[in-house]
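Tertiary structure, described
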Amino acid sequence: MILITAATGQYGRLVVDALLQKIAPKDLAVAVRHPEKAREWRARGVSVRQADYDDLSSLHAAFEGVDDLLFVSSPEFDTPTRMAQHERVIEGAKRAKVRHVAYTSFLGAQNEQPGGFNAHYLTERALEKSGLKTTFLRHPFYTDSLVSAALLQDAMGSGSLKDASGGKAVNTASRADLAAAAAAILSGAGDKGKPVELTGTPWTFAQLAAAIGRATSRSISIAKVASSEAGPYGWLFDLIAAGLYERETLDLERLLGRPPMSINDFVASLVRAVPVP
């Protein structure tokens, strides 16, 4: 039995969809805080279980009989709160004698990380100490988060794209590709019990501007600004400019059996779905 936590979230839904293309519904379960939001999975024959990261007993009960657990990291950004939730998930998995845990970590989590990202480092170390067989799914940033419809519309409306990266590249991958990679590991025998670095192809903001221009047949320029003038992602530009997210591996491509979605293809698909101002 494979169980997916946070299965009604954007990433969790994609993992369930990918798994249902590989295994029978009777071999799949989801653990969600509000089971009524998972009616679609139940209708397809998937076992729906109630579980809350703040309730250890619910986690223990939900994980009973599970062989492979996809532990989706909590969205809480406060590290003490997030770690308390993660420790409950780990304890629930231990009590239920789960055979294998795949945890959605972050690139570089083998070392201490800045700010809220350090919860991934701490969770990896807690899982190592737990005795559970664990796979670290080290994600990059989601392309879907950095290249949003709002960013696209702003660039198309203004004709420019703010850039405080200092020309450095950032590694991203689409949620769909990362979900497909998780499904490949959970449903197969390979890669379990070791870290996988799920990187896409790094891209620069100049390349993003060019991709938007090609997809919209418009001229999109780069407006170089200080990170303090780059809006809500200013803090992220500082990390990108430091060169922290330029690393590239082949793990994601190997698991997918094809190249991950490129920034050009992602932008083109987003343009088709977003009204052009």
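Residues numbered from 1 in each chain as written. Predicted model: local features only at pLDDT ≥ 70, side-chain atom pairs only at ≥ 80, totals over all residues. Heavy atoms only, no water.

1. Looking at the overall build of the protein
- Helices and strands together make up the secondary structure of the protein, namely 12 helices and 11 strands.
- On C-alpha atoms alone, the protein measures out to a radius of gyration of 19 Å, which is about the 19 Å that the 2.2 N^0.38 rule sets for 277 residues.
- Taking all 277 residues of the protein together, 51% fall into the buried category.
- A fraction of 76% describes how many contacts in the protein between residues 6 or more apart in sequence connect residues 24 or more apart.
- Taking the 31 positively charged and 30 negatively charged side chains of the protein as two groups, their mean positions are separated by 4 Å. (Helix = DSSP H or I, 4+ residues; strand = E, 2+ residues; numbered from the N terminus. Rg over C-alpha atoms; globule rule 2.2 N^0.38 Å. Buried < 20%, exposed > 50% of the residue type's maximum accessible area, 1.4 Å probe, protein only. Contact = heavy atoms within 4.5 Å. Lys, Arg positive; Asp, Glu negative; His and termini not counted. Charge placed at Lys NZ, Arg CZ, Asp CG, Glu CD.)

2. A short note on the packing of aromatic side chains
- What the rule picks out here adds up to 12 aromatic pairs.
- Linked through ring pairs, Phe77, Phe106, Phe117, Phe141, Trp235 and Tyr245 together constitute an aromatic cluster. (Phe/Tyr/Trp six-rings, centres within 6.5 Å; stacked < 30°, edge-to-face > 60°.)

3. Structural notes on the layout of surface pockets
- In this structure, the largest pocket spans a volume of roughly 1,200 Å³.
- Contributions of two or more residues to the lining of the largest pocket are made by α1 (10-19), β2 (28-32), α3 (56-63), α4 (79-95), β5 (100-106), β7 (141-142), α6 (143-146) and α10 (234-241).
- Class assignment for the residues of the lining of the largest pocket results in 20 nonpolar, 15 polar and 7 charged.
- Volume-wise, the second largest pocket comes out at about 340 Å³.
- Taken together, 15 residues line the second largest pocket, and the ones lying closest to its centre are Leu151, Lys162, Ala230, Tyr233 and Phe237.
- Mapped onto the lining of the second largest pocket, the elements with two or more residues apiece are α7 (149-158), β8 (160-163) and α10.
- Considered class by class, the residues forming the lining of the second largest pocket number 11 nonpolar, 2 polar and 2 charged. (1 Å grid on protein atoms, 1.4 Å probe; cavity = no way out; pocket = protein on both sides within 12 Å on 5 of 7 lines; lining within 4 Å. Points joined across faces, edges and corners; volume = space filled by probe spheres on them. Nonpolar A, V, L, I, M, F, W, Y, C, P; charged D, E, K, R; others polar.)

4. With respect to helix α5 (residues 118-130)
- Between its first and last C-alpha, α5 extends 18 Å over 13 residues, near the 18 Å set by a 1.5 Å rise per residue.
- What α5 keeps buried is the set Asn118, Ala119, His120, Tyr121, Thr123, Glu124, Arg125, Leu127 and Ser130.
- Looking at the buried residues of α5, the elements they touch are β4 (68-71), α4, β5 and β6 (133-139).
- Two residues or fewer past α5, Gly131 is found with a positive phi of approximately 85 degrees. (Expected span 1.5 Å × (residues − 1).)

5. What about α1?
- Residues Tyr11, Gly12, Val15, Val16, Ala18 and Leu19 constitute the buried set of α1. Mapping the buried residues of α1 onto a view down its axis gives an arc of 165 degrees, with all of them on the same face. (Arc of directions from axis to C-beta.)

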